[in-house]
Amino acid sequence: MFRERVRMAMACFAGLSTAGLTWLVLRHEPLPLPDARSAALATVAFCLFAIVATLSVHSLPALSFPSLFLAVTFVFTCSPLILFLLRGDEAFVSWEWVDMPSVLAAMTVIVLAYSAFLFGAMLVRTPTPVTIRPAPVDAGPRDTYELPLRQVGLALYVIALLVIAGYTLTGGALSHAIQGGYSEFHGAKRAGEVSQIVGASLSRLLPWSVLILAAVSRDRRSRKLVLLLMIPALAIMLGIGDRSGPLALMVVAATGLWLRGARVGWGRALAVGVAIAFLMPTVLNLRTVPVGEWSPDVFEAAATNQIEATNTYRSDLLGGFLLSTSSSYQTLMATVKAVPDQERYHYGSDYLSSLVVALPFRSVLFGPLDIDLRSFPPSQWVLTYLHPGRNAGPGFLQLAEAYLQFGALGVLVLYVVLGWGLVRLWRSVSVHARNVRLLALSLIVMSETLIWVRNSSALGVRALAWGWLLVYVVPAILERTRRPSARGAERPAPLLRGSGA
């Protein structure tokens, strides 16, 4: 009863703060504070408060879906502000241009997003009784779809590895990264020299297969197998310079294993966080070196920020991490500056195109018509303001995309829905951890949602569409084909005629 009163009080506070912040964002005004340093400190403090309040009221563990989402969003929105508090204007030295009024206005947008998320989370009633640890799965009955879903996960893993290895041996796929590194691989990908099936294997089939296997892990042996299979998957994804995919895979797979009975407390969760903080600048530094030239000395130089021609060169460990995660803030700064004065709101057009782009077998349906439904996504649009003439920039932000669509109202609605939805989703999977299909699809959706934090909305829609086919449709077909043969095997053989029995 006490926790319900706290929840209602927090909902009132979040509702009032969200209303006030929405008014400020609509007027394109910064936080009402005397200087930029005070505004940065207030933004960081409020975001931390929203995280602690959400976790405390709902008794959420470190690896819960809301915890992961809030932490990843905090990293990519507040890192430059923390660096600004530590180093002043030196925090923006790697940016090509800085517009401080827009940087200040972007802080208001960030605080609005966290306030709206807190309000949405407080709309969900607190659990009664409080349950932090899900029930063990090894002692209960097996889910009917556990075996076919495990077969799907293993098949996807093997297919992805065979596709990647086959195209690499013929001079495609990873050969671009081996010879020329990150820039050559992604340049070849943009030019169409990397097959779409290779891209799908790297970004979806390989990580999703590991998450599916994590969802069906039932004992220590199966969980060790998941960790063993994750090693080559992470190595391949990190080898092409991808950061978001492998890091999302690490934390979401840990969540899945925890839900299925693995012992992952605050200590091990913190160890995963430290590993991710170490990998963020390291992978960014390794992008400048072709994979074929990697060596222990190169790894040491990348880990200690001693590779020249990088933004983190000669930075300490904390500074390197903050610099490697702060570049996406530029997209929010540019979006706030350009919209709606120079660029009109997109009124959800990017979300609608994401729905169509993520349709299964879209190329078969629209290929003959020669229709390009997403020729200019938001991440490319913002390059016209940040880096004219370049093909790649610092990525995009989920927050910036929401503002680009509907301004303050877009941010308000999206993050209220995310706050309410992620808490509800976590409550569902933690209570029904034995439902392997629900857990597998939830892990896939959550992994793509974490990548969406600094990307476009097509990822989440694609995860729902394709993930549903892989997790629900394919195992159901396998189970239907297995049942007749199983019934035939269990049916007793007829007695022979003329036997004396």
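Refer to the preceding data block for the structure.
Structural notes, computed from the coordinates. (Residues numbered from 1 in each chain as written. Predicted model: local features only at pLDDT ≥ 70, side-chain atom pairs only at ≥ 80, totals over all residues. Heavy atoms only, no water.)

### Regarding the overall build of the chain
Stage number 1. When its secondary structure is counted, the chain shows 21 helices and zero strands.
Stage number 2. With 501 residues in all, the chain has 53% of them scored as buried.
Stage number 3. Residue pairs at least 24 apart in sequence account for 79% of intrachain contacts in the chain once pairs closer than 6 positions are excluded.
Stage number 4. Of the roughly 23200 Å² of accessible surface on the chain, a fraction of 64% belongs to carbon and sulfur atoms. (Helix = DSSP H or I, 4+ residues; strand = E, 2+ residues; numbered from the N terminus. Buried < 20%, exposed > 50% of the residue type's maximum accessible area, 1.4 Å probe, protein only. Contact = heavy atoms within 4.5 Å. Areas by Shrake-Rupley, 256 points an atom, 1.4 Å probe, with all protein chains shown as cover.)

### Regarding helix α11 (residues 296–303)
Stage number 1. Three or more residues of α11 are buried, namely Val 298, Ala 301, Ala 302 and Ala 303.
Stage number 2. For α11, the secondary structure elements touched by its buried residues are α10 (266–286) and α12 (317–326).
Stage number 3. At the C-terminal side of α11, Asn 305 shows a positive phi close to 60°.

### A look at the packing of aromatic side chains
Stage number 1. Under the definition given, this model contains 14 aromatic pairs.
Stage number 2. Ring centres of Phe 69 and Phe 117 lie 5.6 Å apart, and the angle between their planes is 15°; this geometry places the pair in the stacked category. Of this pair, Phe 69 sits in helix α3 (residues 65–87) while Phe 117 sits in helix α4 (residues 100–122), and the two are 48 residues apart along the sequence. The same class applies to Phe 69 as to Phe 117, namely buried.
Stage number 3. One aromatic cluster is present, formed by Phe 84, Phe 92, Trp 95 and Tyr 329 through successive ring pairs.
Stage number 4. Stacked on the ring of Tyr 182, the Lys or Arg Arg 287 has its end atom at 4.1 Å from the ring centre. (Phe/Tyr/Trp six-rings, centres within 6.5 Å; stacked < 30°, edge-to-face > 60°. Lys NZ or Arg CZ within 6 Å of the ring centre and 35° of its normal.)

### Some details on a nonpolar patch on the surface
Stage number 1. Residues Leu 26, Tyr 347, Phe 406 and Leu 409 make up a contiguous nonpolar surface patch of roughly 440 Å² in combined accessible area.
Stage number 2. Along the polypeptide, Leu 26 turns up in helix α1 (residues 2–26).
Stage number 3. Assessed through its relative accessible area of 56%, Leu 26 is described here as exposed. (Patch = residues over 30% accessible without salt bridge, like charges linked within 9 Å, V, L, I, M, F, W, Y side chains within 5 Å. Salt bridge = Lys/Arg side-chain N within 4 Å of Asp/Glu carboxyl O.)

### Remarks on the nonpolar core
Considering soluble globular proteins, one finds that nonpolar side chains tend to be buried as a cluster.
Stage number 1. One finds Phe 69, Tyr 114, Leu 332, Val 411 and Tyr 415 to be the most contacted residues of the largest nonpolar core, which totals 150 residues.
Stage number 2. Here this core gets 16 residues from one element, more than from any other, and that element is α4.
Stage number 3. If we skip the residues at most four places from it in the chain, Val 411 touches Val 109, Leu 112, Ala 113, Leu 399, Ala 402 and Tyr 403.
Stage number 4. With six residues, the next largest nonpolar core counts Leu 286, Val 289, Val 298 and Ala 301 among its residues. (Core = buried A, V, L, I, M, F, W, Y, C linked by side-chain atoms within 4.5 Å.)

### Section: the environment of Pro 127
Stage number 1. If you trace the backbone, Pro 127 turns up in the loop between α4 and α5 (146–169).
Stage number 2. Overall, the relative accessible area of 11% leaves Pro 127 in the buried class.
Stage number 3. Sequence spacing of Pro 127 and Val 57 is 70 residues, and the spatial spacing of their C-alpha atoms is 9.7 Å.

### What about the packing of helix α2 (residues 36–57) against α3?
Stage number 1. With their axes 10 Å apart at the nearest point, α2 and α3 run at an angle of 160° to one another. By the angle class used here, α2 and α3 are roughly antiparallel. Between α2 and α3 the crossing geometry is left-handed. Contacts between α2 and α3 involve Ala 36, Arg 37, Ala 40, Leu 41, Thr 43, Val 44, Cys 47, Leu 48, Ile 51, Thr 54 and Leu 55 on the former and, on the latter, Ser 67, Leu 70, Phe 74, Cys 78, Leu 81, Ile 82, Phe 84 and Leu 85. (Axes fitted to C-alpha atoms, helices over the stretch in contact; angles between N-to-C directions. Parallel < 35°, antiparallel > 145°, perpendicular 65-115°, else oblique. Left-handed = near helix turned anticlockwise from the far one by under 90°.)

### Points about the pattern of salt bridges
Stage number 1. With the rule as written, the count across this model stands at eight salt bridges.
Stage number 2. When the shortest N-O distance is used, the salt bridge between Glu 29 and Arg 27 registers 2.9 Å.
Stage number 3. Exposure remark for Arg 27: the relative accessible area of 46% places this residue in the partly exposed category.
Stage number 4. Of the charged contacts in the structure, one is a salt bridge between Asp 99 and Lys 337, with a shortest N-O distance of 3.8 Å. Placement of Asp 99 in the loop between α3 and α4 and of Lys 337 in helix α13 (residues 329–338) is noted, with a sequence separation of 238 residues between them.
Stage number 5. Looking at Asp 99, the relative accessible area reads 18%, which means it is buried.
Stage number 6. For Lys 337, a relative accessible area of 32% gives the class partly exposed.
Stage number 7. Bridged by salt links that share partners, the residues Glu 146, Arg 150, Arg 218 and Arg 260 form one connected network.

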